[in-house]
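Next come the chains, spelled out residue by residue.
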Amino acid sequence: MSRKEQFNLKNEKISELKKLSDIRTEKAYSILKNGKPEIINEQEFLVPASNSNYKFKVTHRDAWTCECLDFQKTCKDKGLYCKHIKAIQFFLKLRNKTEIDNILDENPEKECIYCKSKNIIKRGIRKSKKGDLQRYYCKDCKKRFILNPIKYIKIDAQNICLELWIYISKGYH
Ligand SMILES: [Zn+2]
Ligand SMILES: [Zn+2]
């Protein structure tokens, strides 16, 4: 086989893999449209099957794995993710994205960490290793502070509008 032939064969394989991956991406979107994944813990998730009440278990330890046949028989060897794994990946990305948006968004529940006044405004940004943090200023006690996102944001990922997920997660790759 010539170099050019080898090169073409490699490219064909790559585009075939991309096609297989894209199909599963589309399927992952429709999973998220039709049902909600369950988070068992940081590493284990349940994804509803499209045509039954069964739930596939997706695990993320050193690598992503899924118990479905597609993953076990096809994806695993090719280095692809099945639709269930992709669905969880979008789900998690979206959850993070929503958390970030909530930190940056004006939210009526935010209050001064010193005097609990809701009379606060955004003022300036503090650079940090984890990214830019919004600084707030309390008009009542005249103190400046940064809201701790963990304390102030209680996200129930299950309640995020599914259409919104799809919309946001499509912007992600
Ligand atoms: Zn799967
Ligand atoms: Zn205050």
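Overview of the structure. Just so it is clear, the model here is predicted, and its values are computed rather than measured. Along each chain, the written sequence defines residue order, and numbers are assigned to residues from 1. Key to labels: chains lettered from A, ligands numbered from 1, both in the order written. Residues qualify for local features only when their pLDDT is at least 70, as the model is predicted, and side-chain atom pairs are given and counted only at 80 or more; totals for whole chains, interfaces and linings, by contrast, use all residues. The basis for every side-chain value is the complete set of heavy atoms in the structure, and neither hydrogens nor water enter the calculation.

1. Notes on the coordination of the zinc ion (ligand 2)
The condition is simple: Nitrogen, oxygen and sulfur within 2.8 Å of a metal are treated as its donors, or within 3.2 Å for sodium, potassium and calcium (Na, K, Ca); water is not counted, so a site can appear incomplete. Metal sites are grouped by the angles between bound donors: all angles between 85 and 135 degrees with four donors is tetrahedral, opposite donors over 155 degrees apart with the others between 65 and 115 is square planar for four donors and octahedral for six, and any other pattern is irregular. Numbering of helices and strands runs from the N terminus, with a helix taken as a DSSP run of H or I at least four residues long and a strand as a DSSP run of E at least two residues long. Working definition: with a 1.4 Å probe on protein chains only, accessible area under 20% of the residue-type maximum means buried, over 50% means exposed, and in between means partly exposed.
Donor atoms from the polypeptide that coordinate the zinc ion (ligand 2) comprise Cys-112 (SG), Cys-115 (SG), Cys-138 (SG) and Cys-141 (SG), at 2.2 to 2.4 Å from the metal. One way to put it: the four donor atoms around the zinc ion (ligand 2) meet at angles of 105 to 122°, and that makes the site tetrahedral. In primary sequence terms, the donor set of the zinc ion (ligand 2) follows C-x2-C-x22-C-x2-C. Here the residue Cys-115 occupies a position in the loop between helix H3 (83-104) and strand E5 (120-128), and Cys-138 occupies one in strand E6 (residues 131-138), the gap between them amounting to 23 residues. By relative accessible area, Cys-115 is classed as partly exposed at 35%.

2. Considerations on the sheet that holds E5
Put simply, the rule reads: Two strands pair if DSSP finds at least two bridges between them. Fitting a line to C-alpha atoms yields each axis, with helices limited to the stretch in contact; the angle taken between N-to-C directions then spans 0 to 180 degrees.
Spatial ordering of the open sheet is given by E5-E6-E7, a layout of three strands whose pairing is antiparallel. Each edge of the open sheet carries a strand with a single partner, namely E5 and strand E7 (144-146). For this sheet, the mean inter-axis angle between neighbouring strands, taken without regard to orientation, is 35°. As judged from the seven bridges shared by E5 and E6, these two strands associate in the antiparallel manner. Bridging across to E6, Ile-120 finds its partner in Cys-138.

3. Focus on the coordination of the zinc ion (ligand 1)
In ideal tetrahedral geometry, four donors around a metal make angles of 109.5 degrees, whereas ideal octahedral geometry with six donors gives angles of 90 or 180 degrees. Looking at the metal site, the zinc ion (ligand 1) is ligated by Cys-66 (SG), Cys-68 (SG), Cys-82 (SG) and His-84 (ND1), spaced 2.1 to 2.3 Å from it. In this structure, the zinc ion (ligand 1) is surrounded by four donor atoms whose angles at the metal cover 106 to 114°, and the resulting shape is tetrahedral. All donor residues of the zinc ion (ligand 1) come from one chain, and their arrangement in sequence is C-x1-C-x13-C-x1-H. Here Cys-66 matches Cys-68 in class, with each residue buried.

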